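Remarks on the overall topology
One letter stands for each residue in the lines below.
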Amino acid sequence: AQSVTQLDSQVPVFEEAPVELRCNYSSSVSVYLFWYVQYPNQGLQLLLKYLSGSTLVESINGFEAEFNKSQTSFHLRKPSVHISDTAEYFCAVIQGGGSYIPTFGRGTSLIVHP
Amino acid sequence: SAVISQKPSRDICQRGTSLTIQCQVDSQVTMMFWYRQQPGQSLTLIATANQGSEATYESGFVIDKFPISRPNLTFSTLTVSNMSPEDSSIYLCSVVGQANTEAFFGQGTRLTVV
């Protein structure tokens, strides 16, 4: 069975500082990896995804994540955060060739201070 | 992509009553799911809504408590029955896209049971 671990429940950071949100997964087969963002009182929105090909994927708002198969990780990074990045971030995995039901991590609350 | 309309967006209900949440998708989708997101926690899969047959429930969730309907490929309902304060949560409708490589979410229903 697949599982997703987000070690940090909360990450406080100052505006314009870099940030990394960690995500590790466990699966014995190929996976598709995702980061979703949930702004206050809203549903989940896809931030970026890794399906195949280049292990570095980017979002339109400056986030990037790198798929590391040997470390079974998919950490999310941004070199300079904004106040508007304050939100809950969820890492998710879909097992290739399986049920296609995503499994989510517990979420990391990114809090950007001015 | 898929656009999901979920309603109500929020409700406050008396214990012992039931609430039905509706999920409408703008395109036909094979896979539709219902998740629960308790305060400060990640998403927990309640069930897979199957068109034309009974929903498939995850461990810890039963049909008597969470009856689900899926009359066609674009619509589903989740009922939270005989509610107690422990049912206070956000309930999210989700679908997996045609390529089975991304999950889309409704805005969620924020339920408070008093």
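Residues numbered from 1 in each chain as written. Chains lettered and ligands numbered in written order. Predicted model: local features only at pLDDT ≥ 70, side-chain atom pairs only at ≥ 80, totals over all residues. Heavy atoms only, no water.

1. Remarks on the interface of chain A and chain B
What counts is decided by this rule: The criterion used for residue contact is that any of the two residues' heavy atoms lie within 4.5 Å. Buried area: the accessible surface (1.4 Å probe) lost by two parts on joining, summed over both. Here a salt bridge means any side-chain nitrogen of Lys or Arg lying within 4 Å of a carboxyl oxygen belonging to Asp or Glu. Under this definition, polar contacts are N or O atom pairs within 3.5 Å; protein pairs additionally need one hydrogen-donor-capable and one acceptor-capable atom, and for neighbouring residues in sequence, both atoms have to be side-chain atoms. By definition, any uninterrupted DSSP run of H or I lasting at least four residues is a helix, any uninterrupted run of E lasting at least two residues is a strand, and each is numbered from the N terminus.
Contacts between the two partners involve 20 residues from chain A, matched on the other side by 20 residues from chain B. Across the chain A to chain B interface the summed buried area is about 1600 Å²; carbon plus sulfur atoms make up 58%. Lys49 of chain A is paired through a salt bridge with Glu102 of chain B; the nearest N and O atoms lie 3.0 Å apart. Linking chain A with chain B are 6 residue pairs in polar contact (both at pLDDT 80 or more). Those elements giving two or more residues to the side of chain A that touches chain B turn out to be strand 5 (31–38), strand 6 (44–50) and strand 10 (87–95) of chain A.

2. Describing the sheet that holds strand 7 (residues 68–72) of chain B
All names here are of chain B. For clarity, the cut-off: If DSSP finds at least two bridges between two strands, the strands pair. Axis definition: a line fit to C-alpha positions, over the contact stretch in the case of helices; interaxial angles, taken between N-to-C directions, run 0 to 180 degrees.
Strands sit in the order 1-3-8-7 across an open sheet of 4 strands; the sheet is antiparallel. In this open sheet, the two edge strands, each paired with only one partner strand, are strand 1 (4–7) and strand 7. Neighbour-to-neighbour, the strand axes of this sheet turn through a mean angle of 15°, independent of strand direction. Looking at chain direction, strand 3 (residues 19–25) and strand 8 (residues 75–80) are connected through 6 bridges and run antiparallel. Residue pairing in the sheet places Gln24 in a bridge with Phe75 of strand 8.

3. A short note on the state of the cysteines
We apply this condition: Two cysteine sulfur atoms form a disulfide, by the criterion used here, when they sit within 2.5 Å. Think of it in three bands: with a 1.4 Å probe and only protein chains considered, a residue is buried below 20% of the maximum accessible area for its type, exposed above 50%, and partly exposed in between.
Applying the stated rule across the entire model yields 2 disulfides over all chains. Disulfide pairing places Cys23 of chain A opposite Cys91 of chain A at an S-S distance of 1.9 Å. The chirality of the disulfide connecting Cys23 of chain A with Cys91 of chain A is left-handed, given an S-S dihedral of about -65°. Note that Cys23 of chain A is positioned in the loop between strand 3 (19–21) and strand 4 (24–26) and Cys91 of chain A in strand 10, a separation of 68 residues in sequence. Of the two residues, Cys23 of chain A and Cys91 of chain A, both sit in the buried class. No disulfide involves Cys13 of chain B; its sulfur sits 18 Å from that of Cys23 of chain B, the nearest cysteine.

4. Re the packing of aromatic side chains
We apply this condition: Stacked, tilted and edge-to-face are the three classes applied to pairs of Phe, Tyr and Trp rings, where Trp contributes its six-membered ring and a pair requires centres within 6.5 Å; stacked means planes under 30 degrees apart, edge-to-face means over 60, and tilted covers the rest.
One pass over the structure, following the stated rule, counts 11 aromatic pairs over all chains. Note on Tyr36 of chain A and Phe105 of chain B: the rings are 5.5 Å apart at their centroids and 85° apart in plane angle, and the pair reads as edge-to-face. Residue Tyr36 of chain A is located in strand 5, and its partner Phe105 of chain B is located in strand 10 (residues 103–105); the two belong to separate chains. Ring geometry for Phe66 of chain B versus Tyr91 of chain B: centroids 6.5 Å apart, planes at 45°, classification tilted. Pair noted here: Phe66 of chain B is in the loop between strand 6 (56–57) and strand 7 and Tyr91 of chain B is in strand 9 (residues 89–96), with a separation of 25 residues, a long-range link. One exposure class covers both Phe66 of chain B and Tyr91 of chain B, and it is buried. A connected cluster of aromatic rings, assembled from ring pairs, spans Phe34, Tyr36 and Phe104 of chain A together with Tyr35 and Phe105 of chain B.

What is shown is where atoms sit, not what they do.
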